[in-house]
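Secondary and tertiary structure notes
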Amino acid sequence: MIQLHDVTKIYRTRSVETVALDSINLTVDKGEFISVMGPSGCGKSTLLNIVGLLDNPSKGLVTIDGKQWDKQSDKVIAQVRNRTIGFIFQSFHLINALSVTDNVEVPLLYRNVGSKERKRLVAEAIERVGLSHRAKHFPAELSGGQCQRVAIARAIVGNPQIILADEPTGNLDSRNGAEVMNILNSLNADMGATIVMVTHDENLAEKTGRTIRFFDGRQVQ
Amino acid sequence: MKWITYTKLALKTLWSNKFFAFMSVVGVAVTILLLMLASIQWDNAISPKAPEVNLDRTLIVKRVKLERGNDNTWMSGVGRGLIGFITDSIKSAQTVSVFMSSELNITMDQGTSQHSALMVDPNFWQIHQFEFIDGRPFTQPEYDAKAQVVVINQNVNRILFGEESGVGKTMVIRGQVYTVIGVVADISITCHNAYAEAWAPLSLVMQRMNADYLGSLSVLYLAKSKADFSAIKSEVKEAERKINTTLEKDMRLFIAGPDTSLEAYFRGYGDPEEFNGAVDAWIDIIIRLLILMIIPTINLIALNLTRIDERKEEIAVRKSFGASRWVIVRQLLYENIVVCFIGGVIGLLVSIWCAYAFSELLFEPSWNQSFGHVDVHFSPYVFIGSLVFVFILGILSGIVPAYKTAKLSPALALKGGEQ
Ligand SMILES: Nc1ncnc2c1ncn2[C@@H]1O[C@H](COP(=O)(O)OP(=O)(O)OP(=O)(O)O)[C@@H](O)[C@H]1O
Ligand SMILES: [Mg+2]
């Protein structure tokens, strides 16, 4: 499903060069649930951005669903982001101007789904994360855990094959964290979604099929 | 995405930042207000409407300049001495009318009242189409016989005769007894060539005028069609040339026009020789439009650009979930057009209100001292033109910020947005 071949990402700022990813080779099979661990700044978010086609590697090849996308047009890449990938960001990134419902609807706006069908899918996704009673609220009116769940609903509403979750439980207490973990587990088990999850929590990592570890941009395990 | 989704999205976004929305809408509304007032004023001056139904086929000469040497210049209306040269002899014109504006002191038993008047010839009634409530205009024989007859408007009729028609009744003007032969509907002061409250034969005062080139007359030419305008103009210029050959060596006569209604509107009271006709008039209009357009465009571009930072996160999120660059450009452009549209409609409504509320200020020509009746005329073209203007404004002011915003790399933008 996901293949990285010799992927390197170098950030160049005025004076420093940061090697965020150093020759990463990684294969994630369809239906796998893997966790990514490593100290802060080791390149975990960078990895997810590259897999999610939000950023280009400085070197190396990225293959998603058997195809290489980085040289494609903006329109084609947008379509892959829309259909194939669901992103859960490290810090939610909800749109503050929009209600929970409208936030969750975002991915559906960019495909051909009628408004009735959109409403149904959105309601379903919100229910799945247990936020139906907050559907009309705005992000500013929600707790951190609730925001995280909205972000999850948004990532799963379009039923993507790949879910990239960047510390989806990082802002949550253990109870809420476990709940999020349950949602991801069931997505993986019931829908066959391929999940890559970044986490700092060994306990959660243990519940995933495989854990890869990073250190200073290098895969160490 | 469908347009309805875009519209909903645009309204939601605007609602979430009311200050920005307010600033943008007000900017556009003020622009449209100014544009509309200028256009309404302009449209009222140049478009045909009763009784000036033939305004688009009329030319007018109102001003003449006479020079002696380099030191002496006189500018005024047309004098009686010119009439023979530039009226009946102009063959390309279908009808030519000579008239003069004046004031009439009308004395009745109950006292004297002053009314703005035009002294006109019989052709005047042919060029314009007055709505006679009662009676009729005067005829050529009456004109030639210097009959003391007068046509009045409803307002004067009401003042002098109440609800009864004044036709057949008499009044005293400058010690002479005049008979009312017609009553017409009130004329809007925006009809610059026909407006008055009373109309009497010009022949009554003609003989008292000097046979000079300078005077206070105006000459109206009705052309069969606009195509004859240039022929009429060149005939008048030819007449001017002929007159100049008869003048003393250091004298020179210049006739302003004949002007179309548009040219007359823009001519003003400067040196007539420095006015370049329609070209100048159009350049003037275009420059005014551009100035009107530049200010709100820059204003909106600036407002939109300052918002890029604020909207980075949203745009990056949308891109991560499948919005292409083009979709983002469309979304932002659409928002901007909605802003312009709301501003435009507000400006439009306010301008209609202003046109009525401030009609004195807007439509009273400088030559008129006492304010008269105004019918504000609204042309659909002015409305359509304003809406097109709003649309162009929306695109012009939206495209650069939209394109700049859409280019953001999602990964970088989301970094910046991290708390
Ligand atoms: N846009 C950027 N410009 C320059 N350097 C960057 C940029 N983004 C990330 N880096 C650097 O790349 C390295 C990896 O960053 P990344 O965000 O992937 O870390 P991370 O593993 O996700 O850390 P954390 O656990 O704190 O989220 C860091 O050293 C960071 O400073
Ligand atoms: Mg990170």
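Here the structure is a predicted model, which means the values were calculated and not measured.

Before going further, it helps to spend a moment on the overall build of chain B. A count of helices and strands for chain B gives 14 helices and 13 strands. The globule rule puts the C-alpha radius of gyration for 419 residues at 22 Å, and the 29 Å found for chain B is more than 25% above it. Summarising its shape, the C-alpha atoms of chain B cover approximately 95 × 60 × 35 Å along the three principal directions. Counting across all 419 residues of chain B, residues that qualify as buried make up 53%. Across chain B, the centroid of the 38 positively charged side chains sits 11 Å from that of the 40 negatively charged ones.

As a matter of local geometry, ligand 1 sits amid 16 residues, with S40, G41, K44, S45 and T46 of chain A nearest to it. At the site occupied by ligand 1, the surrounding residues belong to chains A and B. C42 of chain A has a polar backbone atom sitting 3.3 Å from an oxygen atom of ligand 1. Contacts to ligand 1 include S45 of chain A, whose side-chain N or O atom sits 2.7 Å from an oxygen atom. Starting from 640 Å² of accessible surface for ligand 1 in isolation, the protein chains cover 75%. Elements that contribute at least two residues to the shell around ligand 1 include exactly β2 (17-28) and α1 (44-51) of chain A together with α14 (410-417) of chain B. It is α1 of chain A that provides the largest number of residues to the shell around ligand 1, a total of three residues.

The next point concerns the side chain of T13 of chain B. Looking at the element boundaries, T13 of chain B is found in helix α1 (residues 3-16). Each residue touching T13 of chain B, except ones within four places of it in the same chain, is listed here: R307, R311 and E335 of chain B.

Bringing the domain arrangement of chain B into the picture now. Looking at the assigned domains, one finds that chain B contains domain 1 (2-48 + 279-415) and domain 2 (64-255). Between domain 1 of chain B and domain 2 of chain B, the C-alpha centre-to-centre distance is 45 Å.

Let's shift gears to helix α6 (residues 154-161) of chain B. Residues and elements named next belong to chain B. Every buried residue of α6 is accounted for by V156, N157, L160 and F161. Down the axis, α6 shows its buried residues gathered within 100 degrees of arc, on one side only. Among the structural elements, β4 (93-108), β5 (111-120), β7 (149-153), β8 (170-173) and β9 (176-184) are those in contact with the buried residues of α6.

Turning our eyes to something else, we now look at the coordination of the magnesium ion (ligand 2). Residue and element names in this part refer to chain A. Bound to the magnesium ion (ligand 2) are the protein donor atoms S45 (OG) and Q90 (OE1), situated 1.9 to 2.4 Å from the metal. Of this pair, S45 sits in helix α1 while Q90 sits in the loop between β6 (85-88) and α3 (100-109); the two residues are 45 residues apart in sequence, bridging distant segments of the chain. Of the residues examined, Q90 reaches a relative accessible area of 27% and is grouped as partly exposed.

All names here are of chain B. Running from N to C, α1 and helix α2 (residues 18-46) point in directions that differ by 105 degrees, and their axes come no closer than 5 Å. Relative to α2, the element α1 lies roughly perpendicular. Between α1 and α2, the contacting residues are L14, W15 and S16 on the first element and K18, F20 and A21 on the second. Here the contact of α1 with α2 is built from residues that sort into four nonpolar, one polar and one charged.

Attention now goes to a nonpolar patch on the surface. Taken together, the side chains of V279, W282, I283, I286, I287, L290, I291, I294, I295 and I298 of chain B define a hydrophobic patch exposed on the protein surface, amounting to about 970 Å² of accessible area. You can call I291 of chain B partly exposed: its relative accessible area is 48%.

Residues and elements named next belong to chain B. The full count for this structure, using the stated rule, is 13 aromatic pairs over all chains. Both rings, one in F124 and one in W125, keep their centres 5.5 Å apart while their planes meet at 90 degrees; by these two values the pair is edge-to-face. Residue classification places F124 among the buried residues on the basis of a relative accessible area of 0%. Relative to F138, the ring of W125 has its centre 5.7 Å away and its plane inclined at 85 degrees; by these criteria the two rings are edge-to-face. With W125 in helix α4 (residues 123-127) and F138 in the loop between β6 (132-135) and α5 (140-144), this pair connects stretches of sequence that are 13 residues apart. We classify F138 as buried; its relative accessible area is 4%. Taken together, the ring pairs connect F99, F124, W125, F130, F132, F138, Y143 and W199 into an aromatic cluster. Looking at K18, its charged tip hangs above the ring of W15, at a distance of 4.7 Å from the centre. A cation sits over an aromatic face here: K237 above F254, 4.2 Å from the ring centre.

Buried accessible area, meaning the area lost when the parts come together, often serves as the stated size of an interface. In this complex, chain A contributes 24 residues to the contact, which on the side of chain B involves 26 residues. A combined buried area of about 2,300 Å² lies between chain A and chain B, and 61% of that area is made up of carbon and sulfur atoms. Its largest share of buried area at the contact with chain B, chain A owes to D74, H93 and Y110 of chain A, together 27% of the area lost on that side. With its nearest N and O atoms 3.9 Å apart, the salt bridge here joins D74 of chain A to R325 of chain B. The interface formed by chain A and chain B includes six residue pairs in polar contact (both at pLDDT 80 or more).

Residue and element names in this part refer to chain B. Only one face of β8 is covered, namely the face carrying M171 and I173; the face carrying T170 and V172 is uncovered. Summarising the sheet, β4 and β8 pair through two bridges and their orientation is antiparallel. Residue pairing across strands places I106 opposite I173, the latter belonging to β8. Here four bridges tie β8 to β9, and the two strands are oriented antiparallel to one another. Looking across to β9, one finds that M171 is bridged to Y178. Linkage of β8 to β9, two consecutive antiparallel strands, is achieved through a turn of two residues, within which R174 is found at a positive phi near 50 degrees.

Now for empty space enclosed by the protein. Residues and elements named next belong to chain B. Applying the stated criterion across every chain, the model contains four cavities of 30 Å³ or more. A volume near 160 Å³ is recorded for the largest cavity. Contributing to the lining of the largest cavity are 15 residues, with N304, R307, R311, L332 and E335 lying nearest its centre. For the lining of the largest cavity, the leading source of residues is helix α11 (residues 325-357), giving five residues. For the lining of the largest cavity, the per-class residue count stands at eight nonpolar, four polar and three charged.

All names here are of chain A. By secondary structure assignment, the location of F214 is in strand β9 (residues 210-215). Taking the C-alpha atoms as reference, F214 lies 9.2 Å from L21; in sequence the two are 193 residues apart. In contact with F214, other than residues within four places in its own chain, are L21, I24, V36, M37, G38, P39, C42, L47, Q219 and V220.

Attention shifts here to the sheet that holds β6 of chain A. By definition, the strands of a sheet pair up through backbone hydrogen bonds, in either a parallel or an antiparallel sense. Residues and elements named next belong to chain A. Within the open sheet, the six strands sit side by side as β6-β7-β8-β3-β9-β10. Their pairing is mixed. Looking at the sheet topology across the chains shown, the edges are occupied by β6 and β10 (218-219). The strands touched by helix α6 (residues 174-191) are β3 (33-37), β6, β7 (162-166) and β8 (194-198); relative to β8, the strand with the most contacts, the crossing angle is about 155 degrees.

What counts and what doesn't
Residues numbered from 1 in each chain as written. Chains lettered and ligands numbered in written order. Predicted model: local features only at pLDDT ≥ 70, side-chain atom pairs only at ≥ 80, totals over all residues. Heavy atoms only, no water. Helix = DSSP H or I, 4+ residues; strand = E, 2+ residues; numbered from the N terminus. Rg over C-alpha atoms; globule rule 2.2 N^0.38 Å. Buried < 20%, exposed > 50% of the residue type's maximum accessible area, 1.4 Å probe, protein only. Lys, Arg positive; Asp, Glu negative; His and termini not counted. Charge placed at Lys NZ, Arg CZ, Asp CG, Glu CD. Near = heavy atom within 4 Å. Polar contact = N/O pair within 3.5 Å; in protein donor to acceptor, adjacent residues only side chain to side chain. Areas by Shrake-Rupley, 256 points an atom, 1.4 Å probe, with all protein chains shown as cover. Contact = heavy atoms within 4.5 Å. Domains from an automatic or database assignment. Arc of directions from axis to C-beta. Donors = N, O, S within 2.8 Å, 3.2 Å for Na, K, Ca; no water. Axes fitted to C-alpha atoms, helices over the stretch in contact; angles between N-to-C directions. Parallel < 35°, antiparallel > 145°, perpendicular 65-115°, else oblique. Nonpolar A, V, L, I, M, F, W, Y, C, P; charged D, E, K, R; others polar. Patch = residues over 30% accessible without salt bridge, like charges linked within 9 Å, V, L, I, M, F, W, Y side chains within 5 Å. Salt bridge = Lys/Arg side-chain N within 4 Å of Asp/Glu carboxyl O. Phe/Tyr/Trp six-rings, centres within 6.5 Å; stacked < 30°, edge-to-face > 60°. Lys NZ or Arg CZ within 6 Å of the ring centre and 35° of its normal. Buried area = accessible area lost by both parts, 1.4 Å probe. Pairing = 2+ DSSP bridges. 1 Å grid on protein atoms, 1.4 Å probe; cavity = no way out; pocket = protein on both sides within 12 Å on 5 of 7 lines; lining within 4 Å. Points joined across faces, edges and corners; volume = space filled by probe spheres on them.

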